[in-house]
Amino acid sequence: MPTPIKLGWIGTGRMGYEMAARLAKGGCDLAVWNRTRAKAEPLAKYGAKVVDKLSELASKDIVFVMVSTWDDVKEVVEKLLAGGGKPKMVVECSSISLEGSAELRQMLKGKGVEYLAAPVSGNAKVIKAGKLTFVVSGPKAAYDTARPYLDMMGTGSSYVGEGELARIAKICHNVLLGVVIQNLCEVTILAQKAGMPRHAFLDFLNKSVMGSMFTRYKAPALVNLDFHVTFTPKLLRKDLDLGLDAGRELEVPMPLTSLTRDLLQQMIGQGMTEQDFSTLLLAQAKASGIELKPENVPVGDGLSS
Ligand SMILES: NC(=O)c1ccc[n+]([C@@H]2O[C@H](COP(=O)([O-])OP(=O)(O)OC[C@H]3O[C@@H](n4cnc5c(N)ncnc54)[C@H](OP(=O)(O)O)[C@@H]3O)[C@@H](O)[C@H]2O)c1
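To keep things clear, this report deals only with the structure shown in the data block. (Residues numbered from 1 in each chain as written. Predicted model: local features only at pLDDT ≥ 70, side-chain atom pairs only at ≥ 80, totals over all residues. Heavy atoms only, no water.)

The local shell around the ligand holds 26 residues, among which Asn34, Thr36, Lys39, Ser68 and Thr230 are the closest. Separating a nitrogen atom of the ligand from a side-chain N or O atom of glutamate 75 is a distance of 3.3 Å. Between the ligand and threonine 230, the relevant distance is 2.5 Å, taken from a nitrogen atom to a main-chain nitrogen or oxygen of the residue. Against a free-state accessible area of 910 Å², the protein chains account for coverage of 91% of the ligand. Listing elements by their share of the shell around the ligand, those giving two or more residues are helix H1 (14-25), helix H3 (70-81) and helix H10 (233-250). Grouping the amino acids of the shell around the ligand by side-chain chemistry returns 8 nonpolar, 11 polar and 7 charged. (Near = heavy atom within 4 Å. Polar contact = N/O pair within 3.5 Å; in protein donor to acceptor, adjacent residues only side chain to side chain. Areas by Shrake-Rupley, 256 points an atom, 1.4 Å probe, with all protein chains shown as cover. Helix = DSSP H or I, 4+ residues; strand = E, 2+ residues; numbered from the N terminus. Nonpolar A, V, L, I, M, F, W, Y, C, P; charged D, E, K, R; others polar.)

Most of strand E1 (residues 6-10) is tucked away, with 4 of its 5 residues classed as buried. Relative to strand E2 (residues 29-33), E1 runs parallel, the two being bridged by 5 bridges. Pairing of tryptophan 9 across the sheet is with valine 32, part of E2. Between E1 and its parallel partner E2, the chain crosses via H1, and the hand of that crossover is right-handed. (Buried < 20%, exposed > 50% of the residue type's maximum accessible area, 1.4 Å probe, protein only. Pairing = 2+ DSSP bridges. Right-handed = clockwise from strand over helix to strand, strands pointing away.)

Moving on, we get to unusual backbone geometry. Despite not being glycine, leucine 225 has its phi angle at roughly 55°, a positive value. Here leucine 225 is to be found in the loop between helix H9 (213-224) and H10. Note on leucine 225: relative accessible area 19%, which makes it buried.

This is the structure we're talking about:
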């Protein structure tokens, strides 16, 4: 979709790279910056311009941000604005706290820059399959302007209202992700220890009413122990902590989240930090006294056609 609107992109990690690639492949006028420039360079083949300095993105209409934590977001946005220029709008897609998001809104408001909080659901593979979704909050008119670009990156967006509401929706989503992966690992190990292959159990589960896009795309990891990183235990711990903080603030008990957070912490404490968060399966197997082996069975992820 060729367009006169000029887009900027900050952060081409696992998620940001694939999201920016969809905009570039869609024909957008896109300039990209990443701290480690080499990770952004392959985007040039889709027509994106890779820039050296963040301030080079300040003249764009919409700048998307996809880095890691609130501290990282703050650092890149400060550098974006440091040269005196300012984009018309910032769309911040990283998973950050409500407080961080509110501080960013104030910071941008002071400069007259529109701001949308737009965290996402899906991993890099989901983006490649065109199934990423956004939850968005901020001024409705700004959302209407940004919406066509959000749509180009996946299956669409849900507008939930003003302010930082999208942050709480995303935190709720990732709390569910953490609790579901923990329980999925528990029942998969239970089924295996009772005597059935993991692939047979997950085949049943994924065809059942309990199967979901998530349980399907995690099946290859759980069956063949392919722990290629999609999302790290530390990033998931951050989101569970954000959920527990919000629960304390709003006086909502979250017992399952607390327990899941501690199980994840045990895993991180044992040094299981670099692989995918689905290595919770290994921790569960160890706690159950069984040794896991890859089943080496072809298992679909529900994403590839
Ligand atoms: N992975 C998932 O499945 C998933 C799903 C939904 C949401 N999220 C959220 O999306 C965000 C990105 O996740 P990811 O998996 O793409 O992480 P990632 O692969 O670790 O990428 C992080 C990106 O942020 C950049 N960055 C971090 N700190 C920075 C700083 N201080 N200054 C400049 N750049 C900085 C990194 O630059 P370098 O390349 O130089 O390191 C990299 O481009 C996180 O908030 C995460 O919670 C992830």
